[in-house]
Amino acid sequence: GVASSDHDAETAQQNRPAVSRPAPGATPDEEAVAARAAPLPADEVVLEETPTLPSAPPVDDAPPKGPDVSSFDGSPIDLSEHTPVPDVADWTKGEDAPPEDAPEPVAAEAPEDDSRYDRLPDVDLEKIKAKDRVVAMLLRKGIVSTRQIKRAQWKQDEENLKDPLWRVLSTVEGVPRSAIFAEAASVYAFKTAEMGEGKPDPEFARSVMDTFEEALRDTLLKLRVVPFEVDLDQQTGAIKVVFITHDPTRPEVHRTMQKLKLERFELRYAPESVVTGLILEAFPRRNEFLERIAEDDAFDLGMSYQEKQSELVDEDALEAEISRSKLINLFEATLIEAVRQGASDVHIWPNAKKQVEIHFRVDGRLQRWHLEDKIHPEALTAVIKDNAMNVDRFERDSAQDGFIQRWIDEALIRFRVSVLPIANAATDVRSESIVIRVLDDRKVIKDLRKLGLHELSYQRFSKAIRQPHGMVILTGPTGSGKTTTLYASLHEVVSPEVNVLTVEDPVEYILPGVRQIKLSHKLGLEGALRSILRHDPDIVMVGEMRDRETAELAIKLANTGHLTFSTLHTNDAPSAVSRLYKMGVEPFLIAYAINLVVAQRLIRKLCTACKKPVKQYDDVLLEQLGFDLTELGKITIYEEGKKPKCATCKGQGYKGRRAITETMLFSPEIRRHIVLTKEMINEDELREVAVGQGMMTLQDSARELVKEGDTSVQEMLRVVFTDM
């Protein structure tokens, strides 16, 4: 699809035979795109008064407004009606990011037991296909399923959306977005940009964008339209600028392109991940607070008080230091960078040299982000406390918990703050450690497949969570992704026809359609569970079974016709049975209440941009890890590249994480084994039975990822337990 102020008519006609005129019964937006895609005479220009989609928002709209935060009390905020614009950093780091050189794989038909939308009104597929050529092509190629079309049609009608059905379809969970946009571009005859060595080129994109006015440049970036290359018109030999975007059919894109006043240009399709990666590399987002810090002179902020002074720094001096702008800038810059770098936690503490260390936990590993030696540690701590709700700045001897929230990159981000007093070799500093948990609602996974489960594990999990009653238990240490998996599970089973209740401490993310009970000193876990039985639940999630009373109540829910989810802190799946038995739960209750136990870990994925094959194997180590040495010649094992200048992983060698699991399905044989237990649960025998029935252990799952080239042997050793 070429959008140009002066195109060769014959070339345009060759490139766009499929859309020279709209199909009968076409929607207004299809007519608009078809009209725009029609070939033009050489002496005719595209008029700026292009038909506008009724639903297309003005490009220069103000950032979306969220809920009023003036009276924020620290509770999570329901963002279901205040959807933020996604941070472009998250478009490339997701587990399901499409490959750069091809659309996403064809979506498999949804499992037959996925009945969440089966009761929606039927749709007339023939009428839809006649009206929407993109949907017709998607169905013909098997890229989407009938059920997904049904869900998109329901969403379009329910929300009164004016967008074409295929674009609404791209927002439905579990649908391959890139495949849909690629097919739409093909239907409307937009070419696909060819990637190769040196393409896309960030320097070229930046140099071309610098020639445009700032307002137009910002608009192009918001629409994710980026210069790609300079090409020659084959017919006239004239130079044209080629732009790429993930959705070249949008009328607002074409209106903006006309304002660039370029003599010749062309729009081409490129996968969303490619476009986003180019934007991130060529146009890194500004952090104005970091810039202000860099502009400040290197002045002393409280470090010049007399060393011989026996008393701690007085409150007046501390107050004066807090008012320094550099402290505020450092604090705000830390929050922004934590969100943009995908950190789950921020750790701030003073070291023995009275320097403030700031570390980010990214992909489960702490990395030092900043070391500040020109501020007094107590001053920065006071600034953080002042900005946190429910935290007393003057209390330095007890643990405190609070909340902060900020609008960052047009999204409302919440931060949970934990403050603890710690010892320090510098006795004149009253040290406190601060850990800030980043709660970004955009990271909540709503599709079990995005967790990266192996096919057998996914099938078992999917079957277990769709049972009418029984318990699903997730086990693993802190930080192994149990809560993320539970939330994804709830998204799979939530519907308007069931009452879903959760008991969590604390409630981190608000789940639409779920009633999440807040615990407090007036309502404990046991009391909440007893009350739930009188609240007519269908599905219940118990954050953690900490003791016998909680476990017995959760199992009672599972045995009385409720589907129940919960977690335990054990190393593997068989250990969960043993832990419940040691808590005092009767074996017959354990055997017939539980449907599935899932042990989970998070393992880092190798950076696809810089990983490299292992040249020399340690045969002894690989054999101890369960590898078949005869297979090594048929597979390639990779290790981290650790290229300092790698734009994808920033020299870490890993980018993103995925789950590895062992799923122990409670078959009749396993239930019988548990019921016949007399004195102690034999975990080894349970594991042997489960493995014989097809269970992959954590070590098996990690080993498969190594074989697939998704992770390294070193990462496998770090994450899973071995018998070495």
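*Asks:* When you look at the overall build of the protein in this model, what are you seeing that I'm missing?
*Replies:* Assigned secondary structure in the protein consists of 27 helices and 18 strands. The buried share among the 724 residues of the protein stands at 52%. The contacts in the protein between residues at least 6 apart in sequence include a share of 69% that link residues at least 24 apart. Of the accessible surface of the protein, which amounts to about 34,300 Å², a share of 49% is contributed by carbon and sulfur atoms.

*Asks:* I would appreciate a short explanation of the state of the cysteines in the present structure.
*Replies:* Per the stated rule, a full pass over the model turns up 0 disulfides. Here Cys649 stays free of any disulfide, with the sulfur of Cys610 as its closest cysteine sulfur at 3.6 Å. For Cys649, a relative accessible area of 5% puts it in the buried group.

*Asks:* What should I look at first to understand the pairing of strand 2 (residues 239-245) in this one?
*Replies:* Regular strands place side chains that alternate from one sheet face to the opposite one. Across the 7 residues that make up strand 2, a large majority, 6, are buried. Here strand 2 runs beside strand 3 (residues 265-269); their pairing, made up of 5 bridges, is parallel. Counted as the bridge partner of Val241 is Phe265 from strand 3. Crossover handedness for the path strand 2 to helix 11 (residues 251-258) to strand 3: right-handed.

*Asks:* Looking at this structure, how should I read the packing of helix 9 (residues 202-209) against helix 12 (residues 272-282)?
*Replies:* Between two packed helices, the angle of one axis relative to the other and the distance separating the axes together describe the packing. At a minimum axis distance of 9 Å, the contact between helix 9 and helix 12 shows a crossing angle of 70°. In this view, helix 9 runs roughly perpendicular relative to helix 12, as classed from their interaxial angle. Contacts between helix 9 and helix 12 involve Pro202, Ala205 and Arg206 from the first element and Leu278, Glu281 and Ala282 from the second. Among the residues making up the contact of helix 9 with helix 12, the classes are represented as 4 nonpolar, no polar and 2 charged.

*Asks:* Looking at this structure, how should I read the packing of aromatic side chains?
*Replies:* How two aromatic rings sit relative to each other is given by the distance of their centres and the angle of their planes. Scanning all chains against the criterion turns up 4 aromatic pairs. Between Phe212 and Phe243, the ring centres sit 6.4 Å apart and the planes meet at 25°, which makes this aromatic pair stacked. You can see Phe212 sitting in the loop between helix 9 and helix 10 (214-223) and its partner Phe243 sitting in strand 2, a full 31 residues away along the chain. A single burial state applies to Phe212 and to Phe243, both of which are buried. When the ring centre of Tyr654 is taken as origin, the NZ or CZ atom of Arg604, which lies over that ring, is 4.1 Å away. We note Lys611 situated over the ring of Tyr638; from NZ or CZ to the ring centre the distance is 4.5 Å.

*Asks:* I keep staring at a negative patch on the surface and nothing clicks. Help me out?
*Replies:* Taken together, the side chains of Asp618, Asp619, Glu623 and Asp628 present a region of like negative charge at the surface. Position of Asp628 relative to the elements: it lies in the loop between helix 23 (619-624) and strand 17 (638-639).

*Asks:* Please clarify how the confidence of the model for the protein should be interpreted in this entry.
*Replies:* Detail in the predicted coordinates should be disregarded across regions flagged by low pLDDT. When the pLDDT values of the protein are averaged, the result is 79; 77% of them are 70 or greater. In the model, residues 1-115 has pLDDT below 50 throughout and makes 229 contacts with residues more than four positions away in sequence or in other chains. Note that residues 297-312 has pLDDT below 50 and, in this model, 28 contacts with residues that lie over four places away or in other chains.

*Asks:* I'm lost on unusual backbone geometry in this one. Help?
*Replies:* Glycine aside, negative phi is the norm for most residues, and most peptide bonds take the trans geometry. The amide bond that connects Asp505 to the next residue, Pro506, takes the cis arrangement and shows omega of 0°. Within the secondary structure, Pro506 sits in the loop between strand 11 (500-504) and strand 12 (515-518). Backbone geometry places Asn160, a non-glycine residue, at a positive phi of 55°. Note on placement: Asn160 falls in the loop between helix 6 (146-158) and helix 7 (165-169). Asn160 sits in the exposed class, given a relative accessible area of 54%. With a phi close to 65°, Lys354 is a non-glycine residue in the positive phi region.

*Asks:* How do you make sense of the pairing of strand 4 (residues 345-350) when you look at a structure like this?
*Replies:* In terms of burial, strand 4 is a largely internal element, 5 of the 6 residues being buried. Direction of pairing for strand 4 relative to strand 5 (residues 356-362): antiparallel, over a ladder of 6 bridges. Within strand 5, the residue paired with His347 across the bridge is His359. The antiparallel pairing of strand 4 with strand 5 creates a hairpin that spans 5 residues between the two strands, and Lys354 there sits at a positive phi of about 65°. Alignment of strand 4 against strand 9 (residues 432-439), held across 4 bridges, turns out to be antiparallel. Of the residues in strand 9, the one forming a bridge with Ile348 is Ile434.

Quick notes on the rules
Residues numbered from 1 in each chain as written. Predicted model: local features only at pLDDT ≥ 70, side-chain atom pairs only at ≥ 80, totals over all residues. Heavy atoms only, no water. Helix = DSSP H or I, 4+ residues; strand = E, 2+ residues; numbered from the N terminus. Buried < 20%, exposed > 50% of the residue type's maximum accessible area, 1.4 Å probe, protein only. Contact = heavy atoms within 4.5 Å. Areas by Shrake-Rupley, 256 points an atom, 1.4 Å probe, with all protein chains shown as cover. Disulfide = S-S within 2.5 Å. Pairing = 2+ DSSP bridges. Right-handed = clockwise from strand over helix to strand, strands pointing away. Axes fitted to C-alpha atoms, helices over the stretch in contact; angles between N-to-C directions. Parallel < 35°, antiparallel > 145°, perpendicular 65-115°, else oblique. Nonpolar A, V, L, I, M, F, W, Y, C, P; charged D, E, K, R; others polar. Phe/Tyr/Trp six-rings, centres within 6.5 Å; stacked < 30°, edge-to-face > 60°. Lys NZ or Arg CZ within 6 Å of the ring centre and 35° of its normal. Patch = residues over 30% accessible without salt bridge, like charges linked within 9 Å, V, L, I, M, F, W, Y side chains within 5 Å. Salt bridge = Lys/Arg side-chain N within 4 Å of Asp/Glu carboxyl O. Lys, Arg positive; Asp, Glu negative; His and termini not counted. Charge placed at Lys NZ, Arg CZ, Asp CG, Glu CD. pLDDT = per-residue confidence, 0-100.

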